[in-house]
Amino acid sequence: MKTSYPPKNDKRALVTGISGQDGSYLAELLLAKGYEVYGMVRRSSSFNTSRIDHIYQDPHEADVRLRLVYGDQADGSSLDQLVKTIRPDEIYNLGAQSHVRVSFDIPEYTSEVTGLGCLRLLEAIRERELNCRFYQASSSEMYGKCVETPQTERTPFYPRSPYGCAKVYAYWITVNYRESYGLFACNGILFNHESPRRGETFVTRKITRAIAHIVNGLQDKLYLGNLEAKRDWGYAREYVEAMWLMLQQAKPDDYVVATGETHSVREFLEAAFAHAGLDWRKYVEIDPNYYRPTEVDLLVGDASKAKKQLGWEPKTKFNDLVKLMVDADMQMVKDHLAGKGRVAS
Ligand code: NAP
Ligand code: G4F
């Protein structure tokens, strides 16, 4: 299908992790601003681009704004080649093994991809003497066993998982390259953010997807782990705007991006099932396999710096986020049953 975009702005962006939740929203945002976007995807035995199929362009079209290129966070030579050939003005490093529970099962791989992957990109920028702006997808998971509440840019880190440790490494190596080599490199310390495009094994989406299946008679039970953990949940579409804003400032810096509200998994369950007119207690069972060796009990961020310096603030409230996710999964199952779409697997 032929796509039309607003006038070009002469900027090129490289986005790692473009096939993920945030990558897909960020790509939409950059395209709408007139960027030429290069999205890095990794080789997979099955299609892994469902979140960006709607913006995909035939590379033979006249005005191509989105190009997909192969690479891997674990393969420094591929990252170096992309930096060398694309010479992007902005790099958004979103690619990661991003699942906290899974990071306990594959700690070495998580460190390679989520931690060292960031260093590999920074090194490629330094070696190629590229004058570009760099965004690192840092995480509230770095606060882990929080030493203060709410968490700010000054709160010390205490990671509780191999994923959290890898993100702390990536955070500090980003700061180090900024200070050592004068790179325009920023850390966005983003608290949990969700959407209908959230991966199906993260707790919010697991719940909303299960509700749609239960309502349509496709599933009887939902097995979950710790219901008492509390998270600061925002809407992903709004959070990618903060990423972009960080790279438009006069000076590079690090920012917390959060709603400032916290809710337990149990509260999310209650709100989501209630929106579908169901009592969650009839369907949910606890499976200790979903417990983590070490848990992050409470996260809540203070995003005043992002508000003051970037002019960014969250708009979607917790209850609206829950509803929009339940509604989207209901629609997706409905479309699937009508033969119009597919159930996200
Ligand atoms: P996501 O949906 O899990 O997307 C992760 C992306 O990384 C996918 O495109 C994935 O590709 C790619 N990836 C995984 N391993 C890779 C590898 N070895 N080489 C290259 N690419 C690889 O995550 P997200 O929610 O969009 O999050 C984006 C980033 O923000 C991640 O770095 C995450 O850790 C971080 N973050 C997320 C949150 C949140 O609440 N969502 C909060 C703070 C920070 P495939 O599609 O092929 O798997
Ligand atoms: O949805 P979750 O897996 O997200 P988690 O661990 O907070 O990590 C997400 O947010 C981070 C930002 O703080 C990102 F950096 C990271 O990449 C990822 O996007 O789990 C949320 C909570 C946890 O306390 C977990 O123990 O939900 C609890 N939970 C309870 N039952 C479950 C389940 N989590 C999952 N994934 N699956 C369950 O069945």
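Up top is the structure these notes are about.
A quick note: this is a predicted structure, and the numbers were derived from the prediction, not measured.

**Points about the site of ligand 2**
In the region of ligand 2, 24 residues are neighbours, and Ser139, Ser140, Tyr163, Arg292 and Glu295 sit closest. Here an oxygen atom of ligand 2 sits 2.7 Å away from a polar atom, N or O, in the main chain of serine 98. Starting from 710 Å² of accessible surface for ligand 2 in isolation, the protein chains cover 96%. Its residues assigned to classes, the shell around ligand 2 shows 10 nonpolar, 8 polar and 6 charged.

**Description of a nonpolar patch on the surface**
A surface patch of nonpolar side chains, about 210 Å² in accessible area, is lined by Val102, Ile106 and Tyr109. Turning to its location among the elements, valine 102 is positioned in helix α3 (residues 100-105). Relative accessible area serves as the criterion here: at 30%, valine 102 is assigned to the partly exposed category.

**Regarding the packing of aromatic side chains**
On inspection of all chains with the given rule, the structure shows 11 aromatic pairs. Seen in terms of ring centroids, tyrosine 177 and tyrosine 181 are 4.9 Å apart; in terms of plane orientation they differ by 70 degrees. Their pairing is edge-to-face. Pair noted here: tyrosine 177 and tyrosine 181 are both in helix α5 (residues 162-181), with a separation of 4 residues, about one helical turn. Residue classification places tyrosine 177 among the buried residues on the basis of a relative accessible area of 6%. An aromatic cluster is built from Tyr143, Phe157, Tyr171, Trp172 and Phe191, whose rings are joined through pairwise contacts. Sitting over the face of the ring of phenylalanine 202, arginine 198 holds its NZ or CZ atom 4.0 Å from the ring centroid.

**Re unusual backbone geometry**
Geometrically, the link from threonine 149 to proline 150 is a cis peptide bond, its omega value of -5 degrees lying close to zero. Position of proline 150 relative to the elements: it lies in the loop between β5 (133-139) and α5. Despite not being glycine, aspartate 10 shows a phi value in the positive range, around 70 degrees. With respect to the helices and strands, aspartate 10 occurs in the segment before β1 (12-16). For arginine 87, which is not glycine, the phi dihedral falls at a positive 45 degrees. On the secondary structure map, arginine 87 appears in the loop between α2 (76-86) and β4 (90-93).

**Some details on the layout of surface pockets**
By volume, the second largest pocket amounts to about 230 Å³. Residue lining of the second largest pocket: 14 residues in total, with Val41, Phe47, Asn48, Thr49 and Tyr70 positioned closest to the centre. Considering each element in turn, the lining of the second largest pocket owes the most residues, 3 residues, to strand β3 (residues 66-70). Here the residues of the lining of the second largest pocket sort into 7 nonpolar, 4 polar and 3 charged.

**Some details on the environment of valine 203**
Here valine 203 shows up in helix α6 (residues 203-215). With 72 residues separating them in the primary sequence, valine 203 and asparagine 131 have C-alpha atoms 39 Å apart. Residue contacts for valine 203: discarding those within four places in its chain leaves Leu224, Trp233 and Val265.

**Some thoughts on the nonpolar core**
Of all hydrophobic cores here, the largest spans 74 residues; its most connected members are Tyr92, Ile207 and Phe273. In terms of residue count, the dominant contributor to this core is helix α7 (residues 236-246) (8 residues). Once residues within four sequence positions are removed from consideration, tyrosine 92 is found in contact with Ala13, Leu14, Val15, Thr16, Leu26, Leu30, Tyr135, Met243, Trp244, Leu247 and Gln248. By size, the runner-up hydrophobic cluster in this structure holds 22 residues, among which are Leu79, Leu82, Leu130 and Ala170.

**Focus: the pairing of strand β11 (residues 254-257)**
The side-chain alternation of β11 yields two buried faces, one formed by Asp254 and Val256 and the other by Tyr255 and Val257. As paired strands, strand β6 (residues 184-190) and β11 are joined by 4 bridges and run parallel to one another. By the bridge assignment, asparagine 187 is partnered in β11 with aspartate 254.

**Things to note about the pattern of salt bridges**
Here the idea is simple: oppositely charged side chains can pair when their charged atoms come close. Tallying each qualifying case throughout the model produces 23 salt bridges. Arginine 128 is paired through a salt bridge with aspartate 80; the nearest N and O atoms lie 2.6 Å apart. Of this pair, arginine 128 sits in the loop between α4 (107-127) and β5 while aspartate 80 sits in helix α2, and the two are 48 residues apart along the sequence. Here glutamate 194 ties to arginine 198 by a salt bridge, and the two come within 2.7 Å at their closest N and O atoms. Residues joined in a network through salt bridges with shared partners are Lys8, Glu36 and Arg67.

**Here we look at the packing of α6 against helix α8 (residues 265-275)**
It is the contact of α6 with α8, at a shortest axis distance of 10 Å, that shows an interaxial angle of 30 degrees. Judged by the inter-axis angle, α6 sits roughly parallel to α8. The crossing of α6 and α8 is right-handed. For the pair formed by α6 and α8, the contact residues are Val203, Thr204, Ile207, Thr208, Ile211 and Ile214 on the first element and Val265, Phe268, Leu269, Ala272 and Phe273 on the second. Grouping the amino acids of the contact of α6 with α8 by side-chain chemistry returns 9 nonpolar, 2 polar and no charged.

Rules used throughout
- Residues numbered from 1 in each chain as written.
- Chains lettered and ligands numbered in written order.
- Predicted model: local features only at pLDDT ≥ 70, side-chain atom pairs only at ≥ 80, totals over all residues.
- Heavy atoms only, no water.
- Near = heavy atom within 4 Å.
- Polar contact = N/O pair within 3.5 Å; in protein donor to acceptor, adjacent residues only side chain to side chain.
- Areas by Shrake-Rupley, 256 points an atom, 1.4 Å probe, with all protein chains shown as cover.
- Nonpolar A, V, L, I, M, F, W, Y, C, P; charged D, E, K, R; others polar.
- Patch = residues over 30% accessible without salt bridge, like charges linked within 9 Å, V, L, I, M, F, W, Y side chains within 5 Å.
- Salt bridge = Lys/Arg side-chain N within 4 Å of Asp/Glu carboxyl O.
- Helix = DSSP H or I, 4+ residues; strand = E, 2+ residues; numbered from the N terminus.
- Buried < 20%, exposed > 50% of the residue type's maximum accessible area, 1.4 Å probe, protein only.
- Phe/Tyr/Trp six-rings, centres within 6.5 Å; stacked < 30°, edge-to-face > 60°.
- Lys NZ or Arg CZ within 6 Å of the ring centre and 35° of its normal.
- 1 Å grid on protein atoms, 1.4 Å probe; cavity = no way out; pocket = protein on both sides within 12 Å on 5 of 7 lines; lining within 4 Å.
- Points joined across faces, edges and corners; volume = space filled by probe spheres on them.
- Contact = heavy atoms within 4.5 Å.
- Core = buried A, V, L, I, M, F, W, Y, C linked by side-chain atoms within 4.5 Å.
- Pairing = 2+ DSSP bridges.
- Axes fitted to C-alpha atoms, helices over the stretch in contact; angles between N-to-C directions.
- Parallel < 35°, antiparallel > 145°, perpendicular 65-115°, else oblique.
- Left-handed = near helix turned anticlockwise from the far one by under 90°.

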